[in-house]
Amino acid sequence: MGSIGRKRRCSCFSNHHLPLLTFFMAILVQKGVSESNINQNYTKYRQISSLRLERISRHLDKINKPPVLTIESPDGDLIDCVHKRKQLAFDHPLLKNHKIQKSPKEMPRGMKVKRDSNKETWQMWHKNGTRCPKGTVPIRRSRVNDVLRAKCLYEYGKKIPFSRRSDAPDVLSTNGHEHAIAYTGSSQEMYGAKASINVWDPSIEVMNEFSLSQIWILSGSFDGPDLNSIEAGWQVSPELYGDSRPRLFTYWTSDSYQATGCYNLLCAGFIQTNSKIAIGAAISPVSSYAANQFDITILIWKDPKVGNWWMSYGDNTLVGYWPAELFTHLADHATMVEWGGEVVNSRSNGQHTSTQMGSGHFSEEGFGKASYFRNLQIVDIDNSLSSVQSISTLAENTNCYNIQSSYSNEWGTYFYYGGPGNNPKCP
């Protein structure tokens, strides 16, 4: 068990700069916040300095690229249709002269690719009925309130560096994160992973906690400063999104979450190619207890010809890719793949959090009640998708969240996982 690098420092601004109401209102109007919301939120943010608001405004101008069209989602999101070549990824110094790869040179064997599926995908903003024009990509707009919910500007859209157990990558030891995961590696080279992930809307106890279900693609030193990680799945994060809806998300880092990488498209890196899927947008519909079940399928794999790491969503619809230039160890291959759930346990009231993982029910309750990952697959050195034959499972505190794996002809390798958090056996 080792500590990863130096802890990221927030430089949250002091309040000796007098806040300017008119300046604050102007920024919020510019960023799409209604005047009624301004009046409601001004009391909350009255202590924020004009200097901090200026810095936030500059940052938003940097990451929110000028849209060709803006679509308002029923959940309040603004989806900006941005020209593919104008997206934030190309602000990255290593991608200045990068030529967009329209599709992978080679797909995993057994995969049928749909570059732009006509099948209705489930995202809340689709209910508006408007789509982004050809040649643009849909990007969820960041607004002032999104940044203000973060501890400070530097941490907006970032994971916090943490200690890591070397025996089970991404299983945290000291910062209050808890997991129920399945994993495979590290005796083999891996070039991707796939799974169908049951979608729920777990309750979150406090705003700075989250609950997610995802795939991790990992390589590098698990207890050092050079870990490379590519991640995708769904998450509920009131701090990041301002609500409790499950949302499609991605993450990447090439230095153990220290300086590189971010969630979704909140920094330069991931290149989006699809005009219908918005990363960070709410997923709809979601599963209900002992009723209808819904899942999303995610595949991440390395194009063997070019080296970029591609992501497909749903019915093999290509979303975009992480360029090989972003990584060190993953420029070659992955040594570990993980599937499963993660929550933050801040113990805000001195007890274990009641933030739920998955459906909020333990694995032994089974289908329709516990959340699942099914059809776990990996991409091997021959660029072939194959069912995972053997996995290890781990949960730090099985009285709070647990996991049970199995195999069937229909679901291949699968597992149920999750839990309610705080309960009489999880104080």
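Let me sum up the structure you'll find in this document. Values in this document were obtained by computation on a predicted structure and should not be read as measured data. (Residues numbered from 1 in each chain as written. Predicted model: local features only at pLDDT ≥ 70, side-chain atom pairs only at ≥ 80, totals over all residues. Heavy atoms only, no water.)

### Let's talk about the environment of Asn316
For step 1, the next point in the chain: Mapped onto the secondary structure, Asn316 falls in the loop between strand 11 (309-313) and strand 12 (317-322).
For step 2, the next point in the chain: As a C-alpha pair, Asn316 and Thr297 span 19 residues in sequence and 8.0 Å in three-dimensional space. (Helix = DSSP H or I, 4+ residues; strand = E, 2+ residues; numbered from the N terminus.)

### Here we look at the pairing of strand 11
For step 1, the next point in the chain: With respect to burial, strand 11 is a largely interior element, five of its five residues being buried.
For step 2, the next point in the chain: The side-chain alternation of strand 11 yields two buried faces, one formed by Trp309, Met311 and Tyr313 and the other by Trp310 and Ser312.
For step 3, the next point in the chain: Joining the antiparallel neighbours strand 10 (residues 295-302) and strand 11 is a turn of six residues, in which Gly307 adopts a positive phi near 100°.
For step 4, the next point in the chain: Looking at chain direction, strand 11 and strand 12 are connected through five bridges and run antiparallel. Note that in strand 12 the partner of Tyr313 across the bridge is Thr317. (Buried < 20%, exposed > 50% of the residue type's maximum accessible area, 1.4 Å probe, protein only. Pairing = 2+ DSSP bridges.)

### As for the sheet that holds strand 3 (residues 136-140)
For step 1, the next point in the chain: The strand order across the open sheet formed by three strands is 1-2-3, and the pairing between neighbours is antiparallel. Here the strands that pair on one side only, and so sit at the sheet edges, are strand 1 (69-72) and strand 3. Each neighbouring strand pair of the sheet contributes to a mean axis angle of 25°, computed without reference to strand direction.
For step 2, the next point in the chain: Relative to strand 3, strand 2 (residues 78-83) runs antiparallel, the two being bridged by five bridges. If you follow Cys81 over to strand 3, its bridge partner there is Pro138. (Axes fitted to C-alpha atoms, helices over the stretch in contact; angles between N-to-C directions.)

### Section: the nonpolar core
One broad rule of soluble globular proteins: the nonpolar side chains tend to lie buried together.
For step 1, the next point in the chain: If you look at the biggest cluster of nonpolar residues, it comprises 87 residues, and the most contacted ones within it are Ile217, Trp234, Ile298, Trp309, Trp322 and Trp339.
For step 2, the next point in the chain: The leading source of residues in this core is strand 13 (residues 334-344), at six residues.
For step 3, the next point in the chain: Not counting the four nearest positions on each side in its chain, Ile298 is found in contact with Ala193, Lys194, Ala195, Ile197, Ile215, Ala232, Gly233, Leu248, Met311, Ser312 and Tyr313. (Core = buried A, V, L, I, M, F, W, Y, C linked by side-chain atoms within 4.5 Å. Contact = heavy atoms within 4.5 Å.)

### Regarding empty space enclosed by the protein
For step 1, the next point in the chain: The final tally for this structure, using the stated rule, is two cavities of 30 Å³ or more.
For step 2, the next point in the chain: Considered as a void within the structure, the largest cavity measures approximately 130 Å³ in volume.
For step 3, the next point in the chain: Considering the residues around the largest cavity, the lining is formed by 13 residues, among which Arg140, Ser142, Asn264, Leu265 and Leu266 are closest to the centre.
For step 4, the next point in the chain: Secondary structure elements with two or more residues in the lining of the largest cavity: strand 3 and helix 5 (238-241).
For step 5, the next point in the chain: Roughly 60 Å³ of volume is contained in the second largest cavity. (1 Å grid on protein atoms, 1.4 Å probe; cavity = no way out; pocket = protein on both sides within 12 Å on 5 of 7 lines; lining within 4 Å. Points joined across faces, edges and corners; volume = space filled by probe spheres on them.)

### What to know about the pattern of salt bridges
For step 1, the next point in the chain: According to the stated counting rule, one finds twelve salt bridges in the structure shown.
For step 2, the next point in the chain: The salt bridge partner of Arg141 is Asp80, with a shortest N-O separation of 2.9 Å. On the criterion of sequence distance, the pair formed by Arg141 in the loop between strand 3 and helix 4 (144-149) and Asp80 in strand 2 is long-range, its members being 61 residues apart.
For step 3, the next point in the chain: On the basis of relative accessibility, which here comes to 16%, the residue Arg141 falls in the buried class. (Salt bridge = Lys/Arg side-chain N within 4 Å of Asp/Glu carboxyl O.)

### Section: the packing of aromatic side chains
For step 1, the next point in the chain: The full count for this structure, using the stated rule, is 17 aromatic pairs.
For step 2, the next point in the chain: Each ring, one from Phe367 and one from Tyr372, has its centre 6.1 Å from the other, and the planes form 25°; the classification is stacked.
For step 3, the next point in the chain: With relative accessibility at 3%, the residue Tyr372 sits in the buried group.
For step 4, the next point in the chain: Ring plane angle 15° and centroid distance 4.9 Å describe the contact between Phe373 and Phe415, whose orientation is recorded as stacked. Of this pair, Phe373 sits in strand 14 (residues 371-379) while Phe415 sits in strand 18 (residues 412-418), placing them 42 residues apart in sequence.
For step 5, the next point in the chain: Under the relative-accessibility criterion, Phe373 is labelled buried at 0%.
For step 6, the next point in the chain: Overall, Phe415 belongs to the buried group, its relative accessible area being 0%. (Phe/Tyr/Trp six-rings, centres within 6.5 Å; stacked < 30°, edge-to-face > 60°.)

### Some points on the state of the cysteines
For step 1, the next point in the chain: Considering all chains together, one arrives at three disulfides under this definition.
For step 2, the next point in the chain: Between the sulfur atoms of Cys81 and its disulfide mate Cys132 the distance is 2.1 Å. Disulfide Cys81-Cys132: torsion about the S-S bond near -80°, hence left-handed. Of this pair, Cys81 sits in strand 2 while Cys132 sits in the loop between strand 2 and strand 3, and the two are 51 residues apart along the sequence.
For step 3, the next point in the chain: Owing to a relative accessible area of 0%, Cys81 belongs among the buried residues under this scheme.
For step 4, the next point in the chain: For Cys132, a relative accessible area of 8% translates into the label buried.
For step 5, the next point in the chain: In this model, Cys262 is linked to Cys267 through a disulfide, with the two sulfur atoms separated by 2.2 Å. (Disulfide = S-S within 2.5 Å.)

### Details of the environment of Phe294
For step 1, the next point in the chain: Structurally, Phe294 can be placed in the loop between strand 9 (271-272) and strand 10.
For step 2, the next point in the chain: Of the residues examined, Phe294 reaches a relative accessible area of 22% and is grouped as partly exposed.
For step 3, the next point in the chain: Counting along the chain gives 98 residues from Phe294 to Ser196, while the straight-line C-alpha distance between them is 9.6 Å.
For step 4, the next point in the chain: Among all residues touching Phe294, those that are not within four sequence positions of it are Trp122, Ile197, Asn198, Val199, Pro285, Val286 and Ser287.

### A word on the environment of Asn145
For step 1, the next point in the chain: Topologically, Asn145 is positioned in helix 4.
For step 2, the next point in the chain: Overall, the relative accessible area of 17% leaves Asn145 in the buried class.
For step 3, the next point in the chain: Linking Asn145 and Ile56, residues 89 residues apart in sequence, is a C-alpha distance of 9.9 Å.

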